[in-house]
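Per-entry structural report
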2 protein chains.
Amino acid sequence: MNKVGRFDNAKKEYIIENMYPRRPLKNFLWNEGLIVDLNQFGFGLSKACIDKVFRPLIYDCRIVYVRDDETGEFYDANRNFQEKDFELFQTHVGMGYHTVESKYKGLYASFTVLVPEKDFVEMHRIVLKNESEKPKNFSVYTYVNPYINVTEHQAYTRAKYDTDLCGLYYAHRADQCKQEYVDVFYSANEKANGYAMSRDAFCGTYGNVENPQALKQKNLPCDTAIFEPCYIGSLQFDVSLAPNETKELYFAVGTCRNYEETSVLAKKYANKTAFDCEMEKQFALSENYAKTCLIETEDEYLDTMANLWLKRQMSLGKTWGRVYGKGFRDVLQDITGFVSLDKPLARERLLYTLKHQFINGNAIRMFDPILDYPYQDMPAWIAPTVLAYLKESGDFSVLNEQVGYYDDERKESVFTHVKRGMDYLFNTQGKRGLSLWGGGDWNDSLDACGLQMKGESVWLSIATMNCSRDYIEILENAPVENKAELIADTKAKREKLKSAILEHGFENGYFLYGFTDWDEKVGAKGNEEGEIFLNPQTWAVMSDILPDVEKGKVMDMVENRLKCDYGYVLQDPPFKTASDHLGRASYFEQGVYENASVYNHGVMFKVVADCCIGRGDNAWNTLKINRYDNPKNPDSGVEPYAVSNMYFGPSAVSKKGYAPLSWITGSAGWMYRAIVEYLLGVHPDFNGLKLKPCLPTSWKGAKVERLFRGVKYSIEYIPADENRLVVDGKEMAGNVVPVYEKGSEHKVIYYYAKKV
Amino acid sequence: MNKVGRFDNAKKEYIIENMYPRRPLKNFLWNEGLIVDLNQFGFGLSKACIDKVFRPLIYDCRIVYVRDDETGEFYDANRNFQEKDFELFQTHVGMGYHTVESKYKGLYASFTVLVPEKDFVEMHRIVLKNESEKPKNFSVYTYVNPYINVTEHQAYTRAKYDTDLCGLYYAHRADQCKQEYVDVFYSANEKANGYAMSRDAFCGTYGNVENPQALKQKNLPCDTAIFEPCYIGSLQFDVSLAPNETKELYFAVGTCRNYEETSVLAKKYANKTAFDCEMEKQFALSENYAKTCLIETEDEYLDTMANLWLKRQMSLGKTWGRVYGKGFRDVLQDITGFVSLDKPLARERLLYTLKHQFINGNAIRMFDPILDYPYQDMPAWIAPTVLAYLKESGDFSVLNEQVGYYDDERKESVFTHVKRGMDYLFNTQGKRGLSLWGGGDWNDSLDACGLQMKGESVWLSIATMNCSRDYIEILENAPVENKAELIADTKAKREKLKSAILEHGFENGYFLYGFTDWDEKVGAKGNEEGEIFLNPQTWAVMSDILPDVEKGKVMDMVENRLKCDYGYVLQDPPFKTASDHLGRASYFEQGVYENASVYNHGVMFKVVADCCIGRGDNAWNTLKINRYDNPKNPDSGVEPYAVSNMYFGPSAVSKKGYAPLSWITGSAGWMYRAIVEYLLGVHPDFNGLKLKPCLPTSWKGAKVERLFRGVKYSIEYIPADENRLVVDGKEMAGNVVPVYEKGSEHKVIYYYAKKV
C-alpha cells in the first residue's frame, strides 16, 4: 500500500508523513457539546450541538502564516499552499489533540488543536522555534473562519478587537433570532500587533487564503468590520527569536450567549496553564481507556487498533453517533463496546439515548438532530446494549432508573423500556409471522419495501431472535418481577418466530432479506438484482435458529457468493434498476453504500458469525483483507488508524475499493468486540469473564490484559490438545474466570484445544 | 473617482477596464425562469425559480483555461488567477450578454455568457484568435461548477460523457425526491478531446481552480464520476491556429427533468446558429426599450442612464424583483416605470403579481419564494401601478381581467383588486384614525412597532393619501360602475385621514414616522435616536395634504437635517439601541440599510418631491451627488451603469459611502421616473403627454424623444419667460400634447418659464 505514516504507540499517536495522501485523513476532537472534524492540515468544520440543532463554530480554515521581516517572504506553516520546500512537514494524530509540525528555513512551527472537557471552545497552540544559527525576526498571523452571520443577515454583526478579551469579539444581534449562541470570540494569551476580521481585509477582494493580499505588507489593517459576508479572525504577532529560542502562543475560539460569558471563557482558555491542563486530561483519558484491555497477538497492527484506536472511535460514536447525527441504534451499539472503557459514562449515554424511545417501544431513528422515519429495528438494539452493560458492570440498579420517552410524559424504569422494545418487536408482525418491515431495519436504504406495513423483514425477525435471547438472559439474571412468566412467554414467542423464519425466510440454503408490501421476495434465488444479502446469513449464524452444521453451510454460501478482494459485499448482484418497491438502495450508484459496497459494519457481523461457528481462520482472514494494508487494495484512502464506513464494491463503475466516510461507522465497535470478545474470546459475563477463544490456527496463542469489575486479569492463551483453565497457578473447571476482589490482579492461563 | 471603465453607447455596453475595482461589478442576465448574476470575470450564481423554489444551476465558476502545447504553460483567460501579464483584459457588460476579453502572448480569447429567451439554460461562447505571427498549438479547457447533488446525497448522481449530447450528462435520481429538475447537461458544439466531471479530478484533491493539477498534463482524465461531493464540468479542446485564424466554440448548460428533455435542449442551444439568434433577440429587445424614450440633456451620463441602463435595471426588477425574491410591492413599482418600455409585458407581470393579493385586500410581502409577514403597505402600490398602466396604454380592458387571490379560490376583476386594496387601507386604521402599522410598511425594518395592531404609521397614512388620489383618478377616467358614489366615498375618507395626519402626525414643522403599539412616537422631536425620518416628509410633499409653502418648509428641514455628502440619510440620528418596540432597523449596524444609510430608494422619493414643488436645482443636485462620479465619494464601489440599494451612511463605523447591493433596488425605477417624468416633466396621461418640466436653472433646455401610444413625440424644451406649447409648429393651449394617429411623428416645442 501507499505508506502515509507510522504509529507511535508510546505516545498513542499516528504520525502522518505523507501530507498528500489519496484523500484527506481525519481526526476528531470533541466534548459533549462540540465536535471538531480535522484533516491532516488541521482544517475542517467544528460545530456545536445546541438544543438538537448544529451551530458551526469554525467553518474550515485554521492557518498559521509566517512572514519574514527582512525578505517579506511568507508561507503558511500548516497547509503549505505555496508548496515551499519544507524541511519537515507532518501531523500528529493524537487522542484528543491534533498537531501539525513543519520546518522551513530553520524555523520550526507546530500548530495544535485541542477541545477542552467542557464548553463550545476550541483551543489552539502555536510553538515556534528558531532552529537556525541566526536570529530570526518575523511575524506570525493566524487565520480562522468562524461562523458569525447566524441569521445570514450580515447587517447584524458587530466585530471589533476587544482589549479585555485580548482578541476579537463578534456579536450578531438580530431581532427575532432563535439562536442563543450569537457571540463569538477569538482570543490570545497576549496582545496582538495587528488584526483583521474580514476575508476581504485579509485575503483581498480578489485574493485568497493561498496568497493573501494583507501579507504583502507587514501589518494587518486593524479595521473594524461591519456588513461582511465573510468574517474571519486573524491575529498578528511580531516575533524575534535567537537561535534555539522558542515562542509559544495560545488561543481560544468559542461561542457564547453574551459578552459576560464570552469574557469568562476567553480568559479561561487562551493561556498556557489551561492548555496544559486540558491536554493532561486528554492524555489521562486515553491512558485510562487503553488500560481497560490490552491485547498482545502476533499481529502488531491488530494490537494497536484494539488497544488504542478502536476505543477512540467507539468513544466518538457513543457521544456523537455518526457525527452528522446521533442515531438511536448507532449510539447504542457503540455503547455496547464502549461500556468496557468507562461504565459510568456508558450508563449516562444509555439513559440519555433511551429518552428517545417512543412509548410504543420503537424509537426515533436519530436525535440531535431529529430524523424521524418509520424504521422498525430500533428496539432490537436495546436489550443487547443493556445486557452488555449489566455483564460488564454487575450494576442491576440501572434497570430501575426512571427514564422518559420521546413522545410521552411518562417516566418508566429502564427495564420497562427494554420490555416495551421487546413487546414492540414481537407485536409488530405480518401475515407470515415475521417482523413488519416498515421504513426499514438495519438496512435503512431498503426504505420503501414495507411502508404500507405489510412487507416483512427476515433480517429483522432474526435480529428479534437475537434480541430476545439477550432479553431472556437479562430476565434470568436480573431481579425482575414476574420473571418466570416473562421468560416462558418470551420463549413461546421465540419458538413461533423461529418457525416462521425457517418456514418463510430460509430457501435454497440461505436466508431471504424479506418480503415487500407487494409480496415480492427480496434477496431470493432467481432475483436478477440482490439475489443474496450478507446480513441475514451472518445474523442467523449468530442466532440459535439453525444447528451448527447448517450454519456452516450458510457461511460457505457467504464465502462463495459475497467475498471480494477486500471484504464481503452487502448483496449480490447490485441493484441496477431504481425501484420504489425497494427504496433508495436501488437508487444508489452500484457498489456504493447499501447497494453492494463492502459495508464494513456488515463485514464485522461476518467476522463475529465466523467466530460463532469456530471459524477463526476465516474471521482472521476477513479482518486482514478488510484493512488498509491489504496489498490487493493498496490505496483505498482509509486512515490506518480508523475504520471507514465502506469500501466501494467491485461493481462500482469507478473508484473500486475506495474508502470514504472513515470514523463515522458502527464497524469500529463491532470490530473491537469481534477481536476481543469473539476472536480472543474474552466475554464479560454476569459472574466472571467467560473465555472462548477462536484464534487462527496459525497463531501460537495470544495474551489479553483485561480490567473487569475492578480486577486485573492477565490472560494467556496457549494452544493445547484440550481446553484447560488455570488461574493463579490453579486448575479450574469450565471456562469462566470468577470475579475476584476489587483491586486484585490475577494470572490466567487458558489452554485451548487447537483444531486440526 | 477611481475610473473603472467607459460607456460604449453605440453598442449599449459598459466596458470594464479596471478588472480589480473596489468590489466586483455586476451584470444580470435572465429570462422568465433563469437568472444569472455575473461579476466582471463572468463568475457568479445562476438559478432557476421553479414552483416558487430556487434551484441553482451554476454555483459560481465559469472558467476558460488555455494551455500551450509546447511549453505546458497554462493560464485562465477570464479570471487571470495567476496574474499573468495580459496584453488585454476587459469586460463588456452587455444588455442580455456578458463578454470577458483577454489577450496573452498574442492569443486573443473572449468568453461570452448569454441567457436564451426561454428554458433553464445558459449559453456560452468562446472565441480564440491567434493575433501573433506564429502558428499556435494549444488546448482550451472549460470549467463550470453546476449544482448536481440536489438532495445533498452524492450517492444518487451518475455523471458521464454522452456522445449524443456532445457533452457531459449528470443525473441525480433519488427516491422520494421532490425536485423535478434533477438532470443537468453541459454540451458543446463539437466533440471534446477530453473531459473531467469532479473537482478532485480537475483541481486535484489538494489543488484548486487557481492552479489545477489536471493542467500539468495535456489530457483530462476522462473518468466516470460517482459519489463526488463536488461535480464540475470541464471540456478539453485541442486547437491549432495559424496567424490570424479564429476558432469559435459554443456551449450550453441547463437543467431538465429527464434525458429526453436534456437531449432536446443540449442540441438546440450548443451551436452557433442558436447563439447568434438568441444574441439577436437580446439586441432587438434593448433597442426596442431604448427607442421608447430618448433624452438629451446637458449631462451625457444622465442621458446614458435614462436611455439605456435604468431601463435595463427596471426590466430586471419587473421580472425578478430583488433577485433574492420577487416582492409584491417591488415588482409593482418596477412595472410602474417599465410600462413605458413594453406595455403587453407590463400587463402580464401586473396580472401575475396581483395573484398574490389576499382576499382582504392586503398582499403577501414576497412571492417566488414566499415571504409572509404582516406588512401593511402592499395595497398602497396597487392603484398607482394600475393608473400608470392605464395612462401609458389607454387600455381600460385590463380592469376587467379576472385574477385570482393568494388565499382564496375566487377570481375577480383587476378593478376589484384595486378596490379591495383601497378598502383595506382605509379600513385598517387605529385609534388616531391613522393606518395601522402592523409588521411594517415601506420601512420593512421597522417591523416590530405595530405587531399588536395598535401602533399607527404616519408614512403609511400619507401613502394611503397618495394611493387614494390615484384611485380617484382611475375612477374618474375608467368605465366603472357606481363611479360617483365611490368617488364621493373615497373623498370623504381622504378628508378624514388628512385631518388625522395633520392632527397627530405633523409636529414641529415635520411629519412623524408613527406611533408604536406602546404609544411611543417614532421620528419625533426629542427622540435621541431616529428623531426625523426622510420618507414621511418626501411623501407628504408628493401628496396634497399641505399647501405648497408648507411643503417648502418641510423640504428645507430635509435639506438641513438629512443631507450628507452623497445623498440623504433615511433618518437621523441613527439607532444605537436595539429595541423590540422598533424592530430590526434598531438592530442593524449604524449607517446600514434602514438604520440611517443613504438608502437610494428614499433619495429618489426626495428627488420627486423636489420636483413636485418646483425645486429642479435641488432635484438635480441630489441626482448628482448620489452617483458614482461624486468626487466626495470617489470609490463607493458602485457600478457606473447601475443604481445600488444604498450607500453606507456617514454614521457607519467603517466603509462610509460604500455601495453594496447594486441592481437590486427600487431606486432604478424611481430614478427613471424622477428624470423623465419629474425633472424633464413628460407625464403620460389619459389623453396625451402632459409636459411639466422642472429643469435645473442652469440648463439651457433639454430634448426628449418619446414613443407614446404608438406615436413618436420629439419634444424640445426651451427656456422662456412663460410657458408655451407648440406642436408641429402650431401653438396649443395648456401643456398636454394630444394622442395622435398611431405611427405618426410630431415635433413638440415647449417653452418653459424659467425661474429667476
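Residues numbered from 1 in each chain as written. Chains lettered and ligands numbered in written order. Predicted model: local features only at pLDDT ≥ 70, side-chain atom pairs only at ≥ 80, totals over all residues.

1. Some points on the overall build of chain A
Helix and strand counts for chain A come out as 15 helices and 44 strands. The dimensions of chain A, computed from C-alpha atoms along their principal axes, are 80 × 60 × 50 Å. Considering only intrachain contacts with a sequence separation of at least 6, the fraction spanning at least 24 residues in chain A is 65%. (Helix = DSSP H or I, 4+ residues; strand = E, 2+ residues; numbered from the N terminus. Contact = placed C-beta atoms within 7 Å.)

2. Here's the deal with the interface of chain A and chain B
Taken together, the contact between chain A and chain B spans 31 residues of the former and 31 residues of the latter. When the residues that make up the side of chain A that touches chain B are grouped by side-chain class, the tally is 16 nonpolar, five polar and 10 charged. (Nonpolar A, V, L, I, M, F, W, Y, C, P; charged D, E, K, R; others polar.)

3. Let's talk about the environment of Tyr 375 of chain A
Residues and elements named next belong to chain A. Mapped onto the secondary structure, Tyr 375 falls in the loop between strand S22 (366-367) and helix H7 (382-393). Tyr 375 sits in the buried class, given 25 other C-beta atoms within 10 Å. Between the C-alpha atoms of Tyr 375 and Leu 436, which are 61 residues apart in sequence, the distance is 10.0 Å. Setting aside its immediate chain neighbours within four residues, Tyr 375 contacts Arg 365, Gly 438, Gly 439, Gly 440, Asp 441 and Asp 444. (Buried ≥ 20, exposed ≤ 12 C-beta atoms within 10 Å, placed from the backbone.)

4. So, the relation of the copies chain A and chain B
Least-squares fitting of chain A to chain B yields an RMSD of 0.0 Å, with the transformation described by 0.0 Å of translation along the axis and a rotation of 180°. This pairing of chains is accounted for by a two-fold axis. Using C-alpha coordinates, one finds that chain A approaches the rotation axis most closely at Glu 210 of chain A, a distance of 4.7 Å. A share of 100% of the interface residues of chain A reappears at the interface of chain B, consistent with the copies meeting face to face through the same patch. (Least-squares fit on C-alpha atoms with pLDDT ≥ 70 in both.)

5. Describing helix H11 (residues 534-542) of chain B
Where burial is concerned, most of H11 of chain B is hidden: nine out of the nine residues are buried. Every buried residue of H11 of chain B is accounted for by Leu 534, Asn 535, Pro 536, Gln 537, Thr 538, Trp 539, Ala 540, Val 541 and Met 542 of chain B.

6. Brief notes about unusual backbone geometry
Cis geometry marks the peptide bond from Asp 368 of chain A to Pro 369 of chain A; its omega dihedral reads -10°. Topologically, Pro 369 of chain A is positioned in the loop between S22 and H7. Asp 572 of chain A connects to Pro 573 of chain A through a cis peptide bond whose omega is -15°. Looking at the element boundaries, Pro 573 of chain A is found in the loop between strand S34 (571-572) and strand S35 (598-599). Unlike most non-glycine residues, Val 323 of chain A shows phi in positive territory, near 75°. Within the element layout of this structure, Val 323 of chain A appears in the loop between helix H4 (300-320) and strand S21 (326-327). The class of Val 323 of chain A is partly exposed, set by 19 C-beta atoms lying within 10 Å. With a phi close to 55°, Asn 482 of chain B is a non-glycine residue in the positive phi region. Among the secondary structure elements, Asn 482 of chain B is positioned in the loop between helix H9 (458-477) and helix H10 (483-504). With 10 C-beta atoms packed within 10 Å, Asn 482 of chain B lands in the exposed category.

7. Quick notes on the sheet that holds strand S30 (residues 521-522) of chain B
Residue and element names in this part refer to chain B. As summarised here, the arrangement of the four strands in space is S25-S26-S29-S30, forming an open sheet in which the pairing is antiparallel. Both outer strands of the open sheet, strand S25 (435-436) and S30, are each paired with one neighbouring strand and no more. In the sheet, S25 pairs with strand S26 (residues 456-457) via two bridges, with the strands oriented antiparallel. The residue bridging Leu 436 from the neighbouring strand is Glu 456, located in S26. (Pairing = 2+ DSSP bridges.)

8. Regarding the packing of helix H4 (residues 300-320) of chain B against helix H15 (residues 667-679) of chain B
All names here are of chain B. Two elements in contact, H4 and H15, have axes whose closest approach is 8 Å; the angle formed by their N-to-C orientations is 145°. The element H4 and its partner H15 pack so that their crossing is left-handed. In this structure, H4 uses Leu 302, Ala 306, Leu 310, Lys 311, Gln 313, Met 314 and Gly 317 to contact H15, whose residues at the interface are Ala 668, Gly 669, Met 671, Tyr 672, Ile 675 and Val 676. Here the contact of H4 with H15 is composed, by residue class, of nine nonpolar, three polar and one charged. (Axes fitted to C-alpha atoms, helices over the stretch in contact; angles between N-to-C directions. Left-handed = near helix turned anticlockwise from the far one by under 90°.)

9. Describing helix H2 (residues 259-269) of chain B
All names here are of chain B. Looking only at H2, the buried set comprises Thr 262, Leu 265, Ala 266 and Tyr 269. Down the axis of H2, the smallest arc covering the buried residues is 100°, so these residues share one side. Structural note: H2 exposes Glu 260 and Val 264 on the side pointing more than 90 degrees away from its buried face. Looking at the buried positions of H2, the neighbouring elements they touch are strand S11 (121-130), strand S14 (167-172), strand S15 (183-188), strand S19 (246-256) and helix H3 (272-292). (Arc of directions from axis to C-beta.)

10. Brief notes about the pairing of strand S20 (residues 293-296) of chain A
If a strand is regular, its side chains alternate between the two faces of the sheet. Residue and element names in this part refer to chain A. The alternating pattern of S20 places Cys 293 and Ile 295 on a buried face, while none of Leu 294 and Glu 296, on the opposite face, is buried. Looking at chain direction, S20 and strand S39 (residues 702-708) are connected through four bridges and run antiparallel. By the bridge assignment, Leu 294 is partnered in S39 with Glu 705.

11. Some details on the environment of Gln 376 of chain A
Residues and elements named next belong to chain A. Within the element layout of this structure, Gln 376 appears in the loop between S22 and H7. With 23 C-beta atoms counted inside 10 Å, the residue Gln 376 sits in the buried group. The spatial distance from the C-alpha of Gln 376 to the C-alpha of Leu 434 is 12 Å, given a sequence separation of 58 residues.

12. Digging into the domain arrangement of chain A
In terms of domain boundaries, chain A breaks down into domain 1 (5-284), domain 2 (297-679) and domain 3 (682-753). Distance between the C-alpha centres of domain 1 of chain A and domain 3 of chain A: 48 Å. (Domains from an automatic or database assignment.)

13. Description of the environment of Gly 361 of chain B
All names here are of chain B. Among the secondary structure elements, Gly 361 is positioned in the loop between helix H6 (343-354) and strand S22 (366-367). Since 23 C-beta atoms lie within 10 Å of it, Gly 361 is described here as buried. Setting aside residues no more than four positions away along its own chain, Gly 361 makes contact with Pro 379, Arg 420, Gly 421, Asp 423 and Tyr 424.

14. Observations regarding the pairing of strand S40 (residues 711-720) of chain B
Residues and elements named next belong to chain B. Across seven bridges, the pairing between strand S39 (residues 702-708) and S40 is antiparallel. Counterpart to Phe 708 in the pairing with S40 is Val 711. Where S39 folds back on S40, the antiparallel hairpin that results is connected by two residues, among which Arg 709 adopts a positive phi of roughly 50°. Sheet topology note: the S40/strand S44 (residues 745-753) ladder contains nine bridges and is parallel. Within the sheet, the bridge partner assigned to Lys 712 lies in S44 and is Glu 745.

15. Quick word on the packing of H11 of chain B against helix H12 (residues 548-562) of chain B
Residues and elements named next belong to chain B. Orientation of H11 relative to H12, taken along the N-to-C sense of each, is 155°, at an axis distance of 9 Å. Considering their axes alone, H11 and H12 lie roughly antiparallel with respect to each other. In this structure, H11 meets H12 at a crossing whose hand is left-handed. Of the residues in H12, those touching H11 at Leu 534, Gln 537, Ala 540 and Val 541 are Lys 551, Val 554, Met 555, Met 557, Val 558 and Leu 562. Grouping the amino acids of the contact of H11 with H12 by side-chain chemistry returns eight nonpolar, one polar and one charged. (Parallel < 35°, antiparallel > 145°, perpendicular 65-115°, else oblique.)

16. Observations regarding the nonpolar core
Counting 475 residues, the largest nonpolar core has Val 608 and Leu 679 of chain A together with Val 608 and Leu 679 of chain B as its most contacted members. Other than its neighbours up to four places away in sequence, Val 608 of chain A contacts Met 542, Trp 670, Ala 674 and Tyr 678 of chain A. (Core = buried A, V, L, I, M, F, W, Y, C linked by C-beta atoms within 7 Å.)

17. Description of the sheet that holds strand S43 (residues 736-738) of chain B
Residues and elements named next belong to chain B. Strand order in the open sheet formed by three strands is S37-S38-S43, and the pairing between neighbours is antiparallel. Each end of this open sheet is capped by a strand with a single partner; those strands are strand S37 (682-685) and S43. Ignoring strand direction, the axes of neighbouring strands in this sheet form an average angle of 30°. Sheet analysis places S37 next to strand S38 (residues 688-691), joined by four bridges and oriented antiparallel. Bridged to Val 682 within S38 is Leu 691.

18. Quick look at the confidence of the model for chain A
In the predicted model, chain A carries a mean pLDDT of 97, and 99% of its residues have values of at least 70. Here the predicted complex scores 0.95 on pTM and 0.94 on ipTM. (pLDDT = per-residue confidence, 0-100.)

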